[in-house]
Amino acid sequence: MNCLHRLIRFSLLAGCLLPALAVAEPVSSPPTIEHHRLTLELLPESHQLIATDRVTLSGGSPGQKLAFSLAPALQLEHIQDVTHCQEPCVTAPELAFERDAQPGGSEPQRVILKQPVTGGKDGAVTLRFSYRGVVDDPPRDPRHLRFVTPSETSGHIGPEGVYLSSESQWYPDLDGSLATYDVTIAVPEGWTAVTQGAPQSDPAHWVVPTKSEALTVVANRFVVKSRSWKAKSGQDIRLATYLFPDEAALADEYLDASARYLDAYIPLLGPYPFSQFAVVENFFSSGLGMPSFTLLGSGVIKRHYTQPYALGHEIVHSWIGNGVFNRIDRGNWVEGLTTYLSNYYYHELVGDEAQAREQRRLMLMGYAVYVRPGEEYPVIQFSQKHDEKDNAIGYQQSAMVFHALRQEIGEAQFWKALRQLPARYLGKAAEWRDLERVFQDVAERDLRWFFAQWVERAGVPDIELTGFRVQPSSAATPGEGNGLEAIVHLAQHGTPYRIGVDLEFVLDGGRTHRTRIRLTEAQQEVIVPLSERPLAVRLDPALHVFRRVARHALAPMLNVYVTDAHRTVMVPRVSSEQPSPFSDIVQRIVAQEAEKPGIARTTVSQPGEPTTAVPAGSVLVLGGPGENPAATDMLGYCGDRFQFTDKGFVVQGKVYEGSTMAVLLSCRRDDHPGSVVTMLYGVTPQALTRVARLLFFYGWQSYVVFHEGAVVARGDWEDRMTAEVRSETR
């Protein structure tokens, strides 16, 4: 013991023998890439990439094994140690390396080498990789009805365009590295390359001074338009568009919208993290946010993709996801917060409360139809979107976690904490526990229970208003008259949540009185003093609480049909003389469900098949009575909301007639609660050509009316999400 004590104080002592652990060298930090200096040549006609990457490493130790990832299609010519070789560096020591890729494999190969012994300043090592190869994975058609994932291609260089992302593994990388970049890109005449950061005086030279998880490069025959712009905060930002010639006229629309959203979010999130923001058109369908630019497919560019949920969403990603990074293996909070700020909060910010409520309603509906009871998983387990259930949990439920947090800690503390997030973590990775610490520090409150309840527990609150009565107030002074109290009974199914929720009392003359209560128990009785007798009470009328809504309480809509466990499509008679728009719908449904077990597939009822009763579950009727006899029977579920006429149809008392008119409508099946009957009808086949192709994008309304394929009217009926409970008088 005495010998150990002296060693600690004096470091060395002759004759004192200790185990090796006591005199071991300090453990070095893991090797990481600090900077890439890339020189690229892109050859679209031959799908080739020719590149050198001068990689600066820190950490690690001499002789340590380094394992760089690189796409198997790329041939590594040599690796050189250029730590002490100044540019232009003609000759430098060659380093031996090995590859562990399987021949013909699609997984990234690992390039294995030993870290050189001699480091430069601060122990840094600089290696030069020289490599080339073919990158040719043409984008494939979307696998989903409603959204396209970036995994549609792992990367492509071709005459139609260039797309190289982190999934392409097109440059050598070490796992977990956050690096800066200096990139020079050579492209054919008439082409322009775009990447992160900002172009220099030479437009082929780009500098990325902020650390990033990965580098994306795109190239095409762009028309470039830029604008030097000063935000209201005083920050100078270069705005740019890189559009194809056919869409170049839309440049100012996108530049104006970019400025509008930047001015909206800089006060909320702090200075914009980059010197440029660009809108870049892609040659395949996409909607991707990169540090300093967004990559949008031609289809969405043409559709004026400047809405808050579109361009606004991608701009918020500049801070959340591309400024502050996400440890995806520890839960993806980025998409939830981005969705909250763009898809939802922007409407509050501009004073559009009606649209803000509609966004809250859509989020509740998305969860109700796509996340069945028993199939929930905790928000913290969400990593990325594979299907609509992931979207409902990882985007919508997660977004409303932040709404609940804002209500819990208050406006001032919420927005102060949110601004702290980029201030603390810009250029770093953060996880849910880091967010918890930030909000807890600012609120000066223990929020462990909140994050355990909303982030780490599967499911959402399931609240039911089970009873309501009015009686004279027990606290009223005799002779004071109208002292009343409402006694409201509420139940939480499953493990109860600690949550605040609004009750709205309906008074004479259409007036209302709203109060906020706190729920903590599975069964709870709340007493609310009132000055006059209410007629009814509503739970959460403004839909501020993210909760389970029963399917039978939703307005009837196509998405209730799509997500029903039992589905039948009633196919019309089809003329062999002309193609039917309905055939494509049936073929897509069958193809989409080919890999599902038989019991989970849609039943296709062909014309002429005997039917004795309306099938169980939800039914999709294609065509009107003239082509599908089932249409007449099914319309009984719609009552007087819809009628056919000789030249068209009537919806909610309004007449729509003419050969270009079509309608998609859904009606509730009270004989099968939670199921609907949906009908798609066009006055002529031509009226349905465009509608049929995009049918499943119109799933959230009870009716949608089309003229020449464009929506001219839409709406809902029988929305019971905030049903009233009448009072019991005592």
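Scroll up to find the structure this text is about.
Because the structure is predicted, anything quoted here is derived from the model rather than measured. (Residues numbered from 1 in each chain as written. Predicted model: local features only at pLDDT ≥ 70, side-chain atom pairs only at ≥ 80, totals over all residues. Heavy atoms only, no water.)

K.L.:
Looking at this structure, I do not really get empty space enclosed by the protein. What am I missing?
P.N.:
Over the atoms, a rolled probe matching the size of one water molecule traces out where space is still vacant. In this structure the tally under the stated criterion is two cavities of 30 Å³ or more. Of the voids in this model, the largest cavity is the one considered here, and its volume is about 50 Å³. Here the lining of the largest cavity is built from residues that sort into five nonpolar, three polar and two charged. Secondary-structure elements contributing two or more residues to the lining of the second largest cavity are helix 13 (630-634), strand 35 (661-669) and strand 36 (675-682). (1 Å grid on protein atoms, 1.4 Å probe; cavity = no way out; pocket = protein on both sides within 12 Å on 5 of 7 lines; lining within 4 Å. Points joined across faces, edges and corners; volume = space filled by probe spheres on them. Nonpolar A, V, L, I, M, F, W, Y, C, P; charged D, E, K, R; others polar. Helix = DSSP H or I, 4+ residues; strand = E, 2+ residues; numbered from the N terminus.)

K.L.:
Whenever I open this one, the nonpolar core confuses me. Can you help?
P.N.:
Proteins that are soluble and globular tend to have nonpolar side chains buried together. Judged by nonpolar contacts, the single largest core of 136 residues is most densely connected at Leu262, Tyr265, Trp333 and Leu490. Excluding anything up to four places from it in sequence, leucine 490 contacts Ile463, Glu464, Leu465, Thr466, Leu503, Ile517, Leu519, Ala522, Gln523, Gln524, Val526 and Leu539. Membership of the second largest hydrophobic core comes to 56 residues, among which are Ile157, Tyr171, Leu215 and Phe293. (Core = buried A, V, L, I, M, F, W, Y, C linked by side-chain atoms within 4.5 Å. Buried < 20%, exposed > 50% of the residue type's maximum accessible area, 1.4 Å probe, protein only. Contact = heavy atoms within 4.5 Å.)

K.L.:
Looking at this structure, how should I read the pairing of strand 14 (residues 205-212)?
P.N.:
Side-chain direction in a regular strand flips from residue to residue, so the side chains alternate between the two faces of the sheet. Relative to strand 14, strand 11 (residues 179-186) runs antiparallel, the two sharing five bridges. Pairing of aspartate 182 across the sheet is with valine 207, part of strand 14. Bridge count between strand 13 (residues 198-199) and strand 14: two bridges; the pairing is antiparallel. Across the sheet, residue alanine 198 finds its bridge partner in strand 14, namely valine 207. The hairpin turn running from strand 13 into strand 14, its antiparallel successor, is five residues long. (Pairing = 2+ DSSP bridges.)

K.L.:
Is there a simple way to explain the pattern of salt bridges in this structure?
P.N.:
When the charged atoms of two side chains lie near each other, side chains of opposite charge can form a pair. On inspection of all chains with the given rule, the structure shows 40 salt bridges. The residue arginine 110 makes a salt bridge to aspartate 175 at a minimum N-O spacing of 3.4 Å. A residue pair is termed long-range when its members are at least 10 positions apart, and arginine 110 in strand 6 (residues 109-114) and aspartate 175 in the loop between strand 10 (161-164) and strand 11 qualify at 65 residues. A residue is classified by how much of its surface remains accessible, and arginine 110, at 24% relative accessible area, is partly exposed. For aspartate 175, a relative accessible area of 59% puts it in the exposed group. Glutamate 718 is the partner of arginine 668 in a salt bridge, and the nearest nitrogen-oxygen pair spans 3.2 Å. In this pair, arginine 668 sits in strand 35 while glutamate 718 sits in the loop between strand 38 (710-715) and strand 39 (724-726), placing the two residues 50 residues apart along the sequence. For arginine 668, a relative accessible area of 7% gives the class buried. (Salt bridge = Lys/Arg side-chain N within 4 Å of Asp/Glu carboxyl O.)

K.L.:
Just checking my understanding: could you explain the environment of alanine 67 for this structure?
P.N.:
Here alanine 67 is to be found in strand 3 (residues 65-70). Filtering out sequence-adjacent residues up to four positions away, alanine 67 remains in contact with Arg110, Val111, Ile112, Asp173 and Leu174.

K.L.:
Even after reading the chapter, I still don't get the side chain of arginine 406, so can you show me in this structure?
P.N.:
When you line up the elements, arginine 406 lands in helix 7 (residues 388-409). Ignoring sequence-local partners within four residues, the contact set of arginine 406 consists of Tyr340, Tyr344, Tyr345, Glu348, Glu411, Phe414 and Trp415.

K.L.:
Sorry if this is basic, but what is going on with the environment of tryptophan 191 here?
P.N.:
Looking at where tryptophan 191 falls in the secondary structure, it is placed in the loop between strand 11 and strand 12 (192-194). Classification of tryptophan 191 as buried rests on a relative accessible area of 10%. Taking the C-alpha atoms as reference points, tryptophan 191 and phenylalanine 642, 451 residues apart in sequence, are found 54 Å from one another. Once residues within four sequence positions are removed from consideration, tryptophan 191 is found in contact with Pro44, Gly158, Pro159, Gly161, Val162, Ala219, Asn220 and Arg221.

K.L.:
I'm lost on the state of the cysteines in this one. Help?
P.N.:
A covalent bond between the sulfur atoms of two cysteines is what we call a disulfide. In the structure shown here, the tally under the stated rule is two disulfides. At a sulfur-sulfur separation of 1.8 Å, the disulfide partner of cysteine 85 is cysteine 89. As the torsion about the S-S bond is roughly 110°, the cysteine 85-cysteine 89 disulfide counts as right-handed. The same class applies to cysteine 85 and to cysteine 89, which are both buried. Paired by a disulfide, cysteine 638 and cysteine 667 hold their sulfur atoms 1.9 Å apart. Judged by the torsion about the S-S bond (105°), the cysteine 638/cysteine 667 disulfide is right-handed. Residue cysteine 638 is found in the loop between helix 13 and strand 32 (642-644), and its partner cysteine 667 is found in strand 35; the two are separated by 29 residues along the sequence. Of the two residues, cysteine 638 and cysteine 667, neither departs from the other in class, the shared state being buried. (Disulfide = S-S within 2.5 Å.)

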